[in-house]
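These are the residues of each chain, in order.
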Amino acid sequence: MTLVARLAAAEVVYGAGRQALGPFDLDLAPGEIVALVGPSGCGKSTALRLLAGLEEPTRGTVTRTAGRGETSVVFQSPTLMPWADAVSNVALPLELSGIDRAEARAKAQIALEQVGLAASSHVKPAQLSGGMAMRVSLARALVTRPRLLLLDEPFAALDEITRRTLADDVHRLWDQTRPAVVFVTHNVEEAAFVAQRIIVMSPGPGRLVGETVMAAPLPRPAGFRTSEPFRFAAEAISRDLAASMRAAA
Amino acid sequence: MNRALNTLAPLALIAVLLAIWEAACRLTGVPAYFLPSPSAVAAAMIENGPLLLGSAWNTLATALLALACASLMASCLALIIATNRLLEQAVRPLAVALQVTPVVAIAPQVVIWAGLAHADRAIIALAVIVAFFPIFSGALTGLKSTDPDLERLFDLYGASRWQKLTRLRLPSAIPFMLEGHKVAGGLAVIGSVVAEFVAGSGGSQGLAWRILESSNRLQTAKTFAAVIVLAIMGAGLHAVLETSERAILKRFRGR
Ligand SMILES: Nc1ncnc2c1ncn2[C@@H]1O[C@H](COP(=O)(O)OP(=O)(O)OP(=O)(O)O)[C@@H](O)[C@H]1O
Ligand SMILES: [Mg+2]
């Protein structure tokens, strides 16, 4: 099985010897959901930019089999164009890749329906709630049917109830095309809920500290948050995090 | 109720100040060429109404023409410069030097260059110089103010330089450019009045000329009337620009 992306001993150094990441290894198989958890500044966003091909590593190698237009990123803030309505924002990736306007907008409208925003397609970002704006951002990421979906703390700015709904949405949407997903979060429970494999990183420059595998069905069954496997995984991740912080101290 | 009070309060203050001024003039018997009473100013304004309005229109037309020229030149220059960092480094000090030089300091020379027979050209050129900088600086800031994550997104989807310019950087610059035009509008009026003062000859027939003319003849009431018309015109232009800025932004952002 060919990997979607691989980081091999990847290191990123910014400016005068400020090491931001690594050496860090990550293998990403098609269709799997991996969570990256680690303290602030450990290089999670940097790792994501490497995976997206937006940056080159200083040392080590990055291999990507997802081609141009097959990778999507969702940032911590919705990152929508404030002057464009929801459907234009979602149609952007298609229009940039040369698909004609009418077809792009029709596909964007379908993507908006899938995130439950069919009625808001002509609303501008300033008139959307935080959760709705994030859904538009998700729709934009999925409209190209990517093979690799990178989520950088997408729900960090939202309230707990909205976060949980969106986590379910991510699984439901993932199930339609099964992209490989890398999900960055600060939240241990969110990582255990969303991902099949949870990787804990050390404080910056981030390295691998531990890995937890979450062998439960996706999308998650009802009541999953109170189940044994969920609690075990959450505890394992917390232990890894504690170890990573101790190693730094 | 509250809104009515808010609009009435400044009017009431003006009325009280005018009343005190009027009473002071009458009681002290100060000569009209030194300080005319408000009623004398009002009379001068009515008597010279058509003349003042015509002059105001000349000044306003000059300012608007200058604003349009400055807008075109500053936006184009900003657009060219924003695509090249070295060019920006080269131009910025010159632009700043242009901005901090008072327009009166260069006005006489510009008048000579334009030719004494073409004072109107000199006035427009000077007003353009004054109005240039806020638009240029706003456009340049705006073109560079794009959200870095949005820029990454455009890179990720393989946007060309042209697509990034037209679909990302130009729209991002719009709020900054509107602000720049609002400031430049006020400056263009000031610039054309100052330039007119310096050019100061028959060729120009704007409000500044009316002020010079009447004050040379000690027609102080007419001077006051011209200054008041100028102030009202400036405030009016500002209000129009501000309202259109808000309206455009509202359309732009949807709220
Ligand atoms: N463009 C850059 N230039 C210089 N240093 C950078 C740059 N981007 C990130 N860094 C540095 O690299 C380190 C890792 O940053 P990164 O944004 O990847 O962390 P993170 O794990 O995503 O943190 P957070 O959880 O706060 O988002 C930080 O110390 C940061 O200051
Ligand atoms: Mg980050």
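## Things to note about the pattern of salt bridges
Residue and element names in this part refer to chain A. Scanning the entire structure with this criterion turns up 26 salt bridges over all chains. The partner of Glu70 in a salt bridge is Arg147, and the shortest N-O contact between them spans 3.6 Å. Pair noted here: Glu70 is in the loop between β4 (59-64) and β5 (71-74) and Arg147 is in the loop between α4 (130-142) and β6 (148-152), with a separation of 77 residues, a long-range link. Owing to a relative accessible area of 29%, Glu70 belongs among the partly exposed residues under this scheme.

## Focus: a nonpolar patch on the surface
Residues and elements named next belong to chain B. A surface patch of nonpolar side chains, about 370 Å² in accessible area, is lined by Leu8, Leu11, Ile14 and Leu18. Mapped onto the elements of the fold, Leu18 is located in helix α1 (residues 2-28). The partly exposed category is assigned to Leu18, whose relative accessible area is 37%.

## Here's the deal with the site of ligand 1
Residue and element names in this part refer to chain A. Surveying the vicinity of ligand 1 reveals 13 residues, the closest of which are Ser40, Gly41, Lys44, Ser45 and Thr46. Contact between ligand 1 and Gly43: an oxygen atom at 3.0 Å from a main-chain N or O atom of the residue. Summarising the interface, the protein chains cover 63% of the accessible area of ligand 1, which totals 640 Å² for the free molecule. Contributing elements (two or more residues each) for the shell around ligand 1: β2 (18-28) and α1 (44-52). Looking at which element gives the most residues to the shell around ligand 1, the answer is α1, with 4 residues. For the shell around ligand 1, the class distribution of residues is 3 nonpolar, 6 polar and 4 charged.

## Here we look at the packing of aromatic side chains
Two numbers describe a pair of aromatic rings. These are the distance of the centres and the angle of the planes. Within the structure shown, the criterion is met by 6 aromatic pairs over all chains. On the numbers, 6.1 Å between centres and 25° between planes, the contact of Trp83 of chain A with Phe252 of chain B is stacked. Linking Trp83 of chain A in the loop between β5 and α2 (86-96) with Phe252 of chain B in helix α10 (residues 220-253), this pair reaches from one chain into another. An aromatic cluster of at least three residues, connected via ring pairs, comprises Phe193, Phe224 and Phe230 of chain A.

## Some points on the sheet that holds strand β1 (residues 5-14) of chain A
Residue and element names in this part refer to chain A. The 3 strands are arranged β2-β1-β4 in an open sheet whose pairing can be described as antiparallel. In this open sheet, the two edge strands, each paired with only one partner strand, are β2 and β4. Across this sheet, the average inter-strand angle for adjacent strands is 25°, counted without regard to direction. The sheet contact formed by β1 and β2 spans 7 bridges and is antiparallel. Looking at β2, one finds that Ala10 is bridged to Phe24. Its contacts with the sheet place α1 against β1, β2 and β4, and it is angled at close to 125° to β1.

## Some words on the environment of Thr71 of chain A
Tracing the backbone shows Thr71 of chain A in strand β5. A relative accessible area of 2% places Thr71 of chain A in the buried class. Sequence separation between Thr71 of chain A and Ala180 of chain A is 109 residues, and the spatial gap between their C-alpha atoms is 9.6 Å. Aside from chain neighbours lying at most four places away, what touches Thr71 of chain A is Ala52, Arg64, Ala66, Pro146, Leu148 and Leu150 of chain A together with Leu156 and Tyr157 of chain B.

## Here's the deal with the side chain of Asp152 of chain A
All names here are of chain A. Examined against the element boundaries, Asp152 turns out to sit in strand β6. One buried charged side chain, Asp152, makes no salt bridge at all; its nearest oppositely charged neighbour is Arg49, positioned 5.8 Å away. If we skip the residues at most four places from it in the chain, Asp152 touches Ser45, Leu48, Val74, Phe75, Gln76 and Val184.

## Observations regarding the side chain of Lys222 of chain B
When you line up the elements, Lys222 of chain B lands in helix α10. On the accessibility criterion, Lys222 of chain B (11% relative accessible area) is buried.

## A closer look at the nonpolar core
Within the largest apolar cluster, 53 residues are counted, with the highest numbers of intra-cluster contacts made by Val90, Leu112, Val136, Leu151 and Ile198 of chain A. Considering every element that reaches this core, the biggest residue donor is α4 of chain A, with 7 residues. Of the residues that make up this core, three or more belong to each of domain 1 (5-70 + 146-248) and domain 2 (81-144) of chain A. With residues up to four places along the chain from it excluded, the contact list for Val90 of chain A reads Ala108, Ala111, Leu112, Val136, Ala139, Arg140 and Val143 of chain A. In this structure, Ala5, Leu92 and Met201 of chain A together with Phe154 of chain B belong to the second largest nonpolar core, which totals 42 residues.

## Thoughts on helix α2 (residues 38-47) of chain B
Residues and elements named next belong to chain B. Within α2, the full set of buried residues consists of Pro38, Val41 and Ala44. Down the axis, α2 shows its buried residues gathered within 120° of arc, on one side only. Residues of α2 that are exposed and point over 90 degrees away from its buried face: Ile46 and Glu47. Elements in contact with the buried residues of α2: α1 and α10.

Rules of the game
Residues numbered from 1 in each chain as written. Chains lettered and ligands numbered in written order. Predicted model: local features only at pLDDT ≥ 70, side-chain atom pairs only at ≥ 80, totals over all residues. Heavy atoms only, no water. Salt bridge = Lys/Arg side-chain N within 4 Å of Asp/Glu carboxyl O. Helix = DSSP H or I, 4+ residues; strand = E, 2+ residues; numbered from the N terminus. Buried < 20%, exposed > 50% of the residue type's maximum accessible area, 1.4 Å probe, protein only. Patch = residues over 30% accessible without salt bridge, like charges linked within 9 Å, V, L, I, M, F, W, Y side chains within 5 Å. Areas by Shrake-Rupley, 256 points an atom, 1.4 Å probe, with all protein chains shown as cover. Near = heavy atom within 4 Å. Polar contact = N/O pair within 3.5 Å; in protein donor to acceptor, adjacent residues only side chain to side chain. Nonpolar A, V, L, I, M, F, W, Y, C, P; charged D, E, K, R; others polar. Phe/Tyr/Trp six-rings, centres within 6.5 Å; stacked < 30°, edge-to-face > 60°. Pairing = 2+ DSSP bridges. Axes fitted to C-alpha atoms, helices over the stretch in contact; angles between N-to-C directions. Contact = heavy atoms within 4.5 Å. Lys, Arg positive; Asp, Glu negative; His and termini not counted. Core = buried A, V, L, I, M, F, W, Y, C linked by side-chain atoms within 4.5 Å. Domains from an automatic or database assignment. Arc of directions from axis to C-beta.

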